[in-house]
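# A look at the structure
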Amino acid sequence: MEFRRYKNTKTRFKPLLPHIRGKVLDVCCVGMGSNDIMGGYDFMHGKLKRFKPNITLYGIDIDKEGVENMNKTGFNVFHQDVQEPFNLKMKFDTIICEEGIEHLDNLKQFLKNVHNHLENDGLFLLTTPNIIGLVNFLGVLIHSQPRKNPYHTHYHIRDSILYLLKSNGFEILNVDWFSPTNLKSTNFNARVTSWLTAILPHKWGKHIWVVARKKGTRKGYKGREFQNIPWAFKKPRDYKSGN
């Protein structure tokens, strides 16, 4: 399995596409905002059906009305709070959480649910905003605070998302930064930051993307957890000792 590097992309899920296979569960698939919901430019669940026609696609979301609307149009979506224990009575080759984990607060139970529903050789794919990316950095310089989203419960940097996953039974195959920007639909400020992220190092990217799997099932994969990133730690940090 090879892992490409991405700078600017037109969609937030492009880095995940090469790793999506088999039976797929899309977490928090209903979306929020005009671009994310059904029919919007970033409605990943709909585009997966087009880009990956051979997968068996399921979704799961807490939004009852949104789930009902999606199922009426032919999707197969479960109505369920992923922060509560549940059992779908099936396992998945790929579980995706694209721009969803930052909306949750019971992360331990959520990741336990993911772990329980993932095949032993399955992949857990996620993206989340990078709180120290260029957009948030500029927000602090100009407005004395990062860009706010009232629906986000927490934010991540690269090391925090790694620690969270490793502490809950996962090992990391790849982690990197990228900046999704649809230049046709964004304003001038978004275009400027897109141009800047295109020439700055990857760590200034707007989002983090991760490929992970259950601990103990890694078989010779080499990603970018610590390799080929000159500013990354040369070895895993010992968080217990602080070294």
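Worth saying up front: this structure is predicted, and the values here are computed from it rather than measured.

The rules we used
- Residues numbered from 1 in each chain as written.
- Predicted model: local features only at pLDDT ≥ 70, side-chain atom pairs only at ≥ 80, totals over all residues.
- Heavy atoms only, no water.
- Buried < 20%, exposed > 50% of the residue type's maximum accessible area, 1.4 Å probe, protein only.
- Helix = DSSP H or I, 4+ residues; strand = E, 2+ residues; numbered from the N terminus.
- Pairing = 2+ DSSP bridges.
- Contact = heavy atoms within 4.5 Å.
- Axes fitted to C-alpha atoms, helices over the stretch in contact; angles between N-to-C directions.
- Polar contact = N/O pair within 3.5 Å; in protein donor to acceptor, adjacent residues only side chain to side chain.
- Phe/Tyr/Trp six-rings, centres within 6.5 Å; stacked < 30°, edge-to-face > 60°.

## Quick word on the pairing of strand β6 (residues 118-129)
Counting buried residues in β6 gives nine out of twelve residues, a clear majority hidden from the surface. Taken together, the six bridges between β6 and strand β8 (residues 207-214) define a ladder with antiparallel strand orientation. Looking at the pairing, T128 lines up with I208 of β8.

## Regarding the sheet that holds strand β2 (residues 23-27)
The sheet built from eight strands is open, its strands ordered β1-β7-β8-β6-β5-β2-β3-β4 with mixed pairing. Each edge of the open sheet is held by one strand with a lone partner, namely β1 (8-9) and β4 (77-79). Pairing geometry for β2 and strand β5 (residues 92-98), over three bridges, is parallel. Among the inter-strand pairings, L25 is bridged to a residue of β5, identified as I95. On top of the sheet, helix α1 (residues 44-51) reaches β2, β3 (56-61), β4 and β5; it is set at about 175 degrees to β3, its chief contact. Lying on the sheet, helix α5 (residues 158-166) is in contact with β6, β7 (170-180) and β8; it crosses β7 at an angle near 150 degrees.

## Quick notes on the environment of D63
Note that D63 resides in the loop between β3 and α2 (64-72). Measuring from C-alpha to C-alpha, the distance between D63 and F78 comes to 9.9 Å, with 15 residues separating the pair along the chain. Other than its neighbours up to four places away in sequence, D63 contacts V30 and H79. Only 3.0 Å separates the side chain of D63 from the backbone nitrogen of G66, close enough to count as a polar contact.

## Comments concerning the packing of aromatic side chains
Inspection of the entire model under this criterion finds five aromatic pairs. When the ring of Y58 is compared with that of F78, the centres are 5.9 Å apart and the planes differ by 15 degrees; the resulting orientation is stacked. Of this pair, Y58 sits in strand β3 while F78 sits in strand β4, placing them 20 residues apart in sequence. When its relative accessible area of 14% is taken as the criterion, Y58 is described as buried. Seen in terms of ring centroids, F124 and F170 are 5.4 Å apart; in terms of plane orientation they differ by 40 degrees. Their pairing is tilted. With F124 in strand β6 and F170 in strand β7, the pair connects residues that are 46 residues apart, well separated along the chain. Among the aromatic residues, those joined into a ring-pair cluster are Y58, F78 and F92.

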